[in-house]
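For reference, the chains in residue letters:
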Amino acid sequence: MKLIITPDSVGRLAAAYVKDRINEFNPSAGRPFVVALPTGGTAVEMYKNLIAFHKAGELSFKHVVSFNLDEYVNFDPTHPESYHGFMRRNFFNHVDMPPQNINIPDGNAQDATAFCEAYEAKIKALGGIELFLGGVGANGHIAFNEPGSAFGSRTRVVNLQEKTIKDNARFFGGNLNAVPKQAITMGVGTILEARHILIMAAGANKAQAVRAAVEGKPDTTWTISALQTHKAAILLADKEAASLISAGTAYENALS
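Presented here is an overview of the structure given in this document.

Cut-off values and rules
Every residue gets a number counted from 1 within its own chain, in the order that chain's sequence is written. Totals for whole chains, interfaces and linings use every residue, but because this is a predicted model, local features are given only for residues with pLDDT of at least 70 and side-chain atom pairs only at 80 or more, for both listing and counting. Only hydrogens and water are set aside; all other atoms, that is, all heavy atoms of the structure, feed into the side-chain values. Helix and strand labels come from DSSP, where a helix needs a run of H or I of at least four residues and a strand needs a run of E of at least two; each type is numbered from the N terminus. Exposed residues in this analysis have more than 50% of their type's maximum accessible area, buried residues have under 20%, and partly exposed residues fall in between, with area computed by a 1.4 Å probe over protein chains only. Identification of polar contacts relies on pairs of N or O atoms within 3.5 Å, with a donor-acceptor requirement for protein atoms, meaning one able to donate a hydrogen and the other able to accept it, and with residues adjacent in sequence counted only if both atoms are side-chain atoms. Contacts between residues were defined by any pair of non-hydrogen atoms, one from each residue, lying within 4.5 Å. We define a salt bridge as a side-chain nitrogen of Lys or Arg found within 4 Å of a carboxyl oxygen belonging to Asp or Glu. Helix axes are fitted only over the stretch in contact, all axes being lines through C-alpha atoms; the angle between N-to-C directions runs from 0 to 180 degrees. In these notes the angle categories are as follows: under 35 degrees is roughly parallel, over 145 is roughly antiparallel, 65 to 115 is roughly perpendicular, and the rest is oblique. Helix crossings are classified by the rotation of the near helix relative to the far one: an anticlockwise turn of less than a right angle makes the crossing left-handed, while a clockwise turn makes it right-handed. Here the nonpolar group is Ala, Val, Leu, Ile, Met, Phe, Trp, Tyr, Cys and Pro; Asp, Glu, Lys and Arg are the charged ones; every other residue, Gly included, is treated as polar. Take the number of residues in a helix, subtract one, and multiply by 1.5 Å to get its expected span. Between any two strands, pairing holds if DSSP finds at least two bridges.

This paragraph deals with the side chain of Thr223. Tracing the chain through its elements places Thr223 in the loop between helix H7 (207-215) and strand E10 (233-238). Residue classification places Thr223 among the buried positions, given a relative accessible area of 0%. Polar side-chain contacts of Thr223 include one of 3.2 Å to the backbone oxygen of Glu146. In contact with Thr223, not counting residues within four places along its chain, are Gly140, His141, Ile142, Asn145, Glu146, Pro147, Phe151 and Val188.

Rendered as structure tokens:
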């Protein structure tokens, strides 16, 4: 895993990295670029910049296939705080990705287990994820893989922990009771099979998770520490998120 600490906007730098990855891959109808997409505040900034690249004619999503990381269970997909709604509002409605190339977990599937297995199978049928994009929770979760998630876990239904529910209450007017308590999430094992991984961390509330990811040992207590086992993972952190990193820890200051 490579740690990059930047004084710049994490979302802006991530978008530039994504643009370069897609354009270098040169996707086609028979060889699409498969990307895993996140939600969250830092992701919004990334999507704004990706939309700008698209509108400037520098980037097309015509041959990109996306798989979102997660979605709430038993939650109206037309609700503005659903991840279906988030993605349409912040990204899909503004770029040229064909609707049939967009995949988001169905939190209302009658048979959730069968849906999760089909989600995994579709990723595999496309040759796997080329680039996994994600953020990190204050408790170290990636996607909705809460602390304690097995590093070999696959797409499944999970119970959200109290910390995550409290953190997400800001999107529901501070009402803890309005926050869904379960979600479908892409598993840690699924994430680690991606050929490239970019995790974004912005803000001082992510500092403990960043330190655990970089300076601790791989430990399910901090899900993000699983990145240490991946050969092509990048953790992109701003100075606030990296504020607890020891002075002697090696890092880079530019994406390459």
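Let us now look at the pattern of salt bridges. Here the structure, examined in full by the defined rule, presents seven salt bridges. The closest approach of N and O atoms between Asp8 and Arg12, which form a salt bridge, is 2.2 Å. Judged by relative accessible area, which is 33%, Asp8 ranks as partly exposed. Residue Arg154 pairs with Glu193 through a salt bridge whose shortest N-O separation is 3.0 Å. Within this pair, whereas Arg154 is found in the loop between strand E6 (131-135) and strand E7 (156-159), its partner Glu193 is found in the loop between helix H6 (188-192) and strand E9 (196-201), the two being separated by 39 residues in sequence. Owing to a relative accessible area of 32%, Arg154 belongs among the partly exposed residues under this scheme.

This part takes up the packing of helix H1 (residues 10-25) against helix H2 (residues 41-55). Where H1 meets H2, the closest approach of the two axes is 7 Å, and the angle between their N-to-C directions is 45°. If you check the angle between H1 and H2, you find them oblique. As H1 runs across H2, the sense of the crossing is right-handed. Two secondary-structure elements touch here, H1 through Val10, Gly11, Arg12, Ala14, Ala15, Ala16, Val18 and Lys19 and H2 through Thr42, Glu45, Met46, Asn49, Leu50 and Phe53. Looking at the contact of H1 with H2, its residues break down into eight nonpolar, three polar and three charged.

What follows deals with unusual backbone geometry. Peptide bonds are trans in most cases, and residues, glycine excluded, mostly fall at negative phi. In this model, Asn74 sits at a positive phi of 55°, which is unusual for a non-glycine residue. Following the sequence through the fold, Asn74 ends up in the loop between strand E4 (70-72) and helix H3 (83-90). Unlike most non-glycine residues, Ala143 shows phi in positive territory, near 55°. Mapped onto the secondary structure, Ala143 falls in the loop between E6 and E7. By relative accessible area, which is 9% here, Ala143 ends up buried.

Next up on the list: the environment of Asn168. Within the element layout of this structure, Asn168 appears in helix H5 (residues 162-168). Distance in space between the C-alpha atoms of Asn168 and Val64 is 29 Å, their sequence separation being 104 residues. Those residues in contact with Asn168 that sit more than four places away from it in its chain are Tyr72, Tyr83, Phe144 and Val179.

The next point concerns H1. Helix length check: H1 (16 residues) gives 22 Å between terminal C-alpha atoms against 22 Å at 1.5 Å per residue, within 8%. Inspection of H1 places Val10, Gly11, Ala14, Ala15, Tyr17, Val18, Lys19, Ile22 and Phe25 among the buried residues, and these make up the whole buried set.

Quick look at the sheet that holds strand E2 (residues 33-37) now. To summarise the sheet geometry, strands pair through backbone hydrogen bonds and adopt either a parallel or an antiparallel arrangement. Here we have seven strands laid out as an open sheet, ordered E1-E10-E9-E6-E2-E3-E5, and parallel in their pairing. Bordering the open sheet on either side are strand E1 (2-6) and strand E5 (102-103), each of which pairs with just one other strand. Packing against the sheet, helix H4 (residues 112-125) makes contact with strand E3 (64-68) and E5, and its axis sits at approximately 155° to E3.

With that out of the way, let us pick up the packing of H2 against H3. Where H2 meets H3, the closest approach of the two axes is 10 Å, and the angle between their N-to-C directions is 35°. Contact with H2, carried on its side by Val44, Tyr47 and Ile51, involves Phe86, Met87 and Asn90 of H3 and no other residues of that element. Its residues assigned to classes, the contact of H2 with H3 shows five nonpolar, one polar and no charged.

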